[in-house]
Amino acid sequence: MTSLRVRIGILGLALLAGPVAPASPAAAATAPSPTVEERRLDQAVPREILERSGFDTVPPRLNRALGAARSYAQARKVVVRQGSALWKRAVDRAQGRGPAGGDLSRDDDRPLYWARLGMTREVRTWAPSFGLSDGQRAALLDELERTSRGQTAVRYPAGERLKRVLVTGFDPFTLDRDIRISNPSGASALALDGTVIETADGPARVETVVFPVRWQDFTDQTVERALRPYLKRVDLFTTVSQGRVGRFDVERTNGAWRGGFADNDTIGVTGTVPVADPGSQPQWTTTTLPYKAIVDADTGRFPVYDHTSVTEIPAGGTEPVVRPDGPTPGSTARAGGGGDYLSNEIAYRATLLRDRLGLHDILPGGHVHTPVLQFGAGNTDPATGTVTDPGFVRNRLDIIAQVRAILVVAVEKAT
């Protein structure tokens, strides 16, 4: 997600008739149409991924449960319960608990992604007899997003025996280029959630959450809302996303700029990253991860780089300039080390939150880019290729294992 990739919601118009008392605003509104992202569910690849993992049963189950709801309060309970169950099921599947549900490898993050979209489409297009206001529908969708992404399931045991680590991942993206795409950062989140990693300084408990690839969600402060409750309680955090081919990067510097690349709803946004209190907003934030130790360690098959390059408009200048060694004083950001897409933005938001909480010199945190997850030889054409192959699975497993190894080094060297 280096310079990585939408959100068109079409609201239906209410058609009211009859000479009797007018309908309430809640009952008058018709359900919106599915989003661009949700409409991809009708293609063959998502259907195959859901069927081969057993996750094709998830949206119909939600549909039936919503059909039995007789009030907004009941619907909210249904959404929270089933969103939380989807996250748990995806984590359990990735970690070898319970049935696989099909022949798709357990490490695959795509069943969670497509099943969630099936659920959001059910909620978005649901037209209950009791009526649903736009605000209520938005609240249900918000609950579903948060619960099915693990954002409400972060749990650290009490006491000081365990280190506490927080890791984030992303949904698949660039799906119009290749709808088969998986995101190794999301797969890593599923594989690591709730696990304990052993380090030379003792055990560390890892909790994970996953974020959408949509500009609007980031504008709505989804990152800050999800991470703020935990940053003062953890010993280390890292945001993770897919980056460059054949390499890991520890991104040294993050920039306050959106470059406009289209997101999963095919919407592009350009401009300064919108945050609370923009008057005190810095152009750059920096990693506090032990990047030198991570780069020097033997963590796996892929090389790991301390990535320092940024793109800036120098103080007094008008044109962007690439700076291999980081930004110069007074410059304006045009791309961080992680680019100008949502990888850079989540790193910027998380590290800015760290700094605004007064944790810059206390809490190690930053961003790690994984290698691009590639399909195996002979399976690179989206039009003719299969949804998985042995090389694809091996690449994903190797990336997950190396993310875990990088966390071990980070915990050991940060303490």
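Residues numbered from 1 in each chain as written. Predicted model: local features only at pLDDT ≥ 70, side-chain atom pairs only at ≥ 80, totals over all residues. Heavy atoms only, no water.

Details of the packing of aromatic side chains
- The tally for this structure, following the rule as stated, stands at 9 aromatic pairs.
- Between Phe173 and Tyr341 the ring centres are 6.4 Å apart and the planes differ by 45°, which places this aromatic pair in the tilted class. Here Tyr341 lies in the loop between strand E13 (332-335) and helix H12 (342-356) and Phe173 lies in the loop between strand E1 (163-170) and helix H8 (184-192), a separation of 168 residues in the sequence.
- Pairing Phe261 with Tyr341 gives two aromatic rings, centres 5.4 Å apart and planes at 85°, and the pair type is edge-to-face. With Phe261 in the loop between strand E7 (257-259) and strand E8 (270-272) and Tyr341 in the loop between E13 and H12, the pair connects residues that are 80 residues apart, well separated along the chain.
- Accessibility expressed as a relative area gives 33% for Phe261, which makes it partly exposed.
- You can call Tyr341 buried: its relative accessible area is 0%.
- Through successive ring pairs, a cluster of aromatic residues spans Phe173, Trp215, Phe261 and Tyr341.
- Across the ring face of Tyr305, the terminal group of Arg247 is positioned such that the distance to the ring centre comes to 4.0 Å.
- The lysine or arginine in question, Arg334, covers the ring of Trp257, its NZ or CZ lying 3.6 Å from the ring centre. (Phe/Tyr/Trp six-rings, centres within 6.5 Å; stacked < 30°, edge-to-face > 60°. Helix = DSSP H or I, 4+ residues; strand = E, 2+ residues; numbered from the N terminus. Buried < 20%, exposed > 50% of the residue type's maximum accessible area, 1.4 Å probe, protein only. Lys NZ or Arg CZ within 6 Å of the ring centre and 35° of its normal.)

Notes on the sheet that holds strand E12 (residues 321-323)
- With respect to topology, 3 strands assemble into an open sheet ordered E12-E11-E13, the strand pairing being antiparallel. Every interior strand has two partners, whereas the edge strands, E12 and E13, have only one. Pairs of neighbouring strands in the sheet enclose a mean axial angle of 45°, with direction left out of account.
- Bridge analysis of strand E11 (residues 310-313) against E12 gives 3 bridges, and the strand direction is antiparallel. Counted as the bridge partner of Thr311 is Val322 from E12. (Pairing = 2+ DSSP bridges. Axes fitted to C-alpha atoms, helices over the stretch in contact; angles between N-to-C directions.)

Side note on the sheet that holds strand E3 (residues 202-211)
- Taken together, the 7 strands give an open sheet; going across it, the order is E2-E3-E1-E4-E14-E5-E10, and neighbouring strands pair in mixed fashion. What marks the edges here is a single partner per strand, and that holds for strand E2 (196-199) and strand E10 (304-307). Taken pair by pair, the neighbouring strands of this sheet meet at an average axis angle of 30°, ignoring direction.
- Relative to strand E14 (residues 365-370), strand E5 (residues 248-251) is paired through 3 bridges, and the arrangement is antiparallel. Its bridge partner being in E14, Asp249 is matched across the sheet by His369.
- Together, E1, E3 and strand E4 (236-242) form the strand contacts of helix H10 (residues 222-231), whose direction differs from that of E3 by roughly 160°. (Contact = heavy atoms within 4.5 Å.)

A short note on the packing of helix H5 (residues 72-94) against helix H7 (residues 134-148)
- As a packed pair, H5 and H7 sit with axes 7 Å apart at the nearest point and diverge in direction by 20°. Between H5 and H7, the angle falls in the class roughly parallel. Helix-helix and strand crossings are classified by hand; for H5 and H7 the assignment is right-handed. Touching Tyr72, Ala75, Arg76, Val79, Val80, Gly83, Ser84, Leu86 and Trp87 of H5 are Gln136, Ala139, Leu140, Glu143, Leu144, Thr147 and Ser148, all from H7.
- Of the residues assigned to the contact of H5 with H7, the class counts are 9 nonpolar, 5 polar and 2 charged. (Parallel < 35°, antiparallel > 145°, perpendicular 65-115°, else oblique. Left-handed = near helix turned anticlockwise from the far one by under 90°. Nonpolar A, V, L, I, M, F, W, Y, C, P; charged D, E, K, R; others polar.)

Looking at unusual backbone geometry
- Positive phi, normally seen in glycine, also occurs at Gln221, with a value near 70°.
- Its place among the elements puts Gln221 in the loop between helix H9 (215-219) and H10.
- Residue classification places Gln221 among the partly exposed positions, given a relative accessible area of 21%.
- Positive phi values are uncommon outside glycine, yet Thr266 reaches one of about 60°.
- Relative to the helices and strands, Thr266 resides in the loop between E7 and E8.
- Of the residues examined, Thr266 reaches a relative accessible area of 39% and is grouped as partly exposed.

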